[in-house]
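Take a look at the letters that make up each chain.
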Amino acid sequence: MSTAIPPLPPETLYQEAADWLEEMSCGPLDDAGKQQLQRWLRDNAQGAAILERMLSTWEDPALMQALTDAQRASDTAATVLPTRRNLTRSVAFAAAASLLLAVGGVTLHFHSASQQTTSTTEAPAAYQASATRDRTFNLRDGSSLTLAARSALDVDFRKDSREISLTRGGAYFAVAKDPTRPFTVRTDSTRVTAVGTAFSVDRLRDGLEVRVYEGRVKVSRRDGRPPEYLNAGEQLRQQDDGRWAIDHFPLDRPSHWQSGWMTIDSEPLGYLIDHLSRYSDTPISAHGNLRNQPVAGRFNLRDPEATLALLRELYTLETRKENDRIILSAR
């Protein structure tokens, strides 16, 4: 005579679903892993709904191919499985999302946010950094953010979402994992969404830059065109004309968010000036087409005078003050 396993409490289901999602990026699952997830879903209808809600954050086209693969895999012979309380969670994100659709006999229902998380809504708050200095803030959800000098943003945390509006400058985000509350950074034209990761968003004069230092983010356009998905070591540049370009950057090189030094191989002078100007008592700009001149080197953003002196020496430039600005021009 078998004894029914009592249902798990909601907080345990939430934690198990979050653990599944956290492990889903580790690589493809084997047949036993697929069956383990399949069994967990069948044993935990409410947990399946929680996991479905977590996965719905991502609308990755690659999931369609993974769905086909997982459906084929679900027809393989069954193996002896551990109990649900001792599952080995080596599962791929895409295959798990696919199994949510492929597993028969599981009815998925959405539950209110109050059933899925103990987080509470917080009053919106505004954060800003003064000229010449970065500022780091710890948020109530466990995330932290570093605001570049002369930058500002608004934070609005709700039961089912974490919304950031970057109104000026740039910021680095270390996001606490909470799959039921996506962490979204908004600008005028773009939304950058993460669950638990580290990334930066920079509003520059010539566009926007997103860099991913850990995990994965989704970058969406306000005009409804398909989103892009960035992994660690990838960056997206959006130009004034709306075009997007995706490239790689070296993760083993210290970022200027931590070191204060910007190391670039070949970037327009305007890119460096936009960052450097945040740390200068006097705004900096370049004359004419000089913004497009490629530059390379290691530059100290926290010491604008020294960096300007280095630029004058390396690229035969001169500086002058005009209308309360420092103007860079060719000699």
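Sequence order as written defines residue numbering, which begins from 1 separately in each chain. Only residues with pLDDT of at least 70 are given local features in this predicted model, and only at 80 or more are side-chain atom pairs given and counted; all residues enter the totals for whole chains, interfaces and linings. The basis for the side-chain values is all heavy atoms of the structure; hydrogens and waters are excluded.

Participant: How would you explain the environment of Thr167 if you had to name every residue and give the values?
Facilitator: A run of H or I in DSSP counts as a helix once it spans at least four residues, and a run of E counts as a strand once it spans at least two, with each numbered from the N terminus. Checked against the element boundaries, Thr167 lands in strand β5 (residues 162-168). Per-residue accessibility, obtained with a 1.4 Å probe over protein chains only, is compared with the maximum for each type, and a residue is labelled buried under 20%, exposed over 50%, and partly exposed between these values. Since its relative accessible area comes to 46%, Thr167 is described here as partly exposed. Contacts are assigned to residue pairs that have any heavy atoms within 4.5 Å of one another. For Thr167, the contacting residues outside a window of four places in its chain are Ala152, Leu153, Asp154 and Arg203.

Participant: Describe the sheet that holds strand β6 (residues 170-174), with residues and values.
Facilitator: Pairing within the open sheet is antiparallel, and its seven strands lie in the order β2-β3-β6-β9-β10-β13-β14. The outermost strands of the open sheet, each flanked by one partner alone, are β2 (135-138) and β14 (244-248). On average, adjacent strands in this sheet sit at an angle of 15 degrees to one another, irrespective of strand direction. At least two bridges found by DSSP between two strands is the condition for calling them paired. As paired elements, β2 and strand β3 (residues 144-147) share four bridges and run antiparallel to each other. Bridge pairing in β3 places Phe137 opposite Leu145. The convention used is that axes are lines fitted to C-alpha atoms, helices contributing only their stretch in contact, and that angles between N-to-C directions extend from 0 to 180 degrees. Helix α8 (residues 269-277) rests against β9 (198-204), β10 (207-214) and β13 (234-239) of the sheet, and its axis sits at about 100 degrees to β9.

Participant: Now, about the side chain of Ser280: what can you tell me, with residues and values included?
Facilitator: Tracing the chain through its elements places Ser280 in the loop between α8 and β16 (284-286). Exposure remark for Ser280: the relative accessible area of 5% places this residue in the buried category. Here the side chain of Ser280 touches Thr282 through a polar contact of 2.5 Å, landing on its backbone oxygen. In this structure Ser280 touches Thr132, Arg150, Pro304 and Ile326, once residues within four positions along its chain are discounted. Between N or O atoms, a polar contact is any pair within 3.5 Å; within protein, one atom must be a potential hydrogen donor and the other a potential acceptor, and residues adjacent in sequence are included only when both atoms are from side chains.

Participant: Would you mind going over the packing of aromatic side chains in detail, with residue names and values included?
Facilitator: Centres within 6.5 Å make a pair out of two Phe, Tyr or Trp rings, where for Trp the six-membered ring is used; the pair is then stacked when the planes are under 30 degrees apart, edge-to-face when over 60, and tilted otherwise. Inspection of every chain in the model, using the stated rule, returns eight aromatic pairs. On the basis of an interplanar angle of 65 degrees and a centroid distance of 5.4 Å, the ring pair of Tyr172 and Tyr213 is categorised as edge-to-face. Highlighted residues: Tyr172 in strand β6 and Tyr213 in strand β10, separated in sequence by 41 residues. Judged by centre distance (6.3 Å) and plane angle (35 degrees), the rings of Tyr172 and Trp257 are tilted. In this pair, Tyr172 sits in strand β6 while Trp257 sits in helix α7 (residues 256-259), placing the two residues 85 residues apart along the sequence. Given the relative accessible area of 14%, Tyr172 is considered buried. Judged by its relative accessible area of 7%, Trp257 is buried. Cluster of aromatic residues (ring-pair linked, three or more members): Phe157, Phe173, Phe183 and Phe199. Sitting over a ring, as applied to charges here, requires NZ of Lys or CZ of Arg to be within 6 Å of the ring centre and within 35 degrees of the ring normal. Lying across the ring of Phe249, Arg211 places its NZ or CZ 4.4 Å from the centre.

Everything listed here is a matter of geometry and, on its own, says nothing about what the molecule does.
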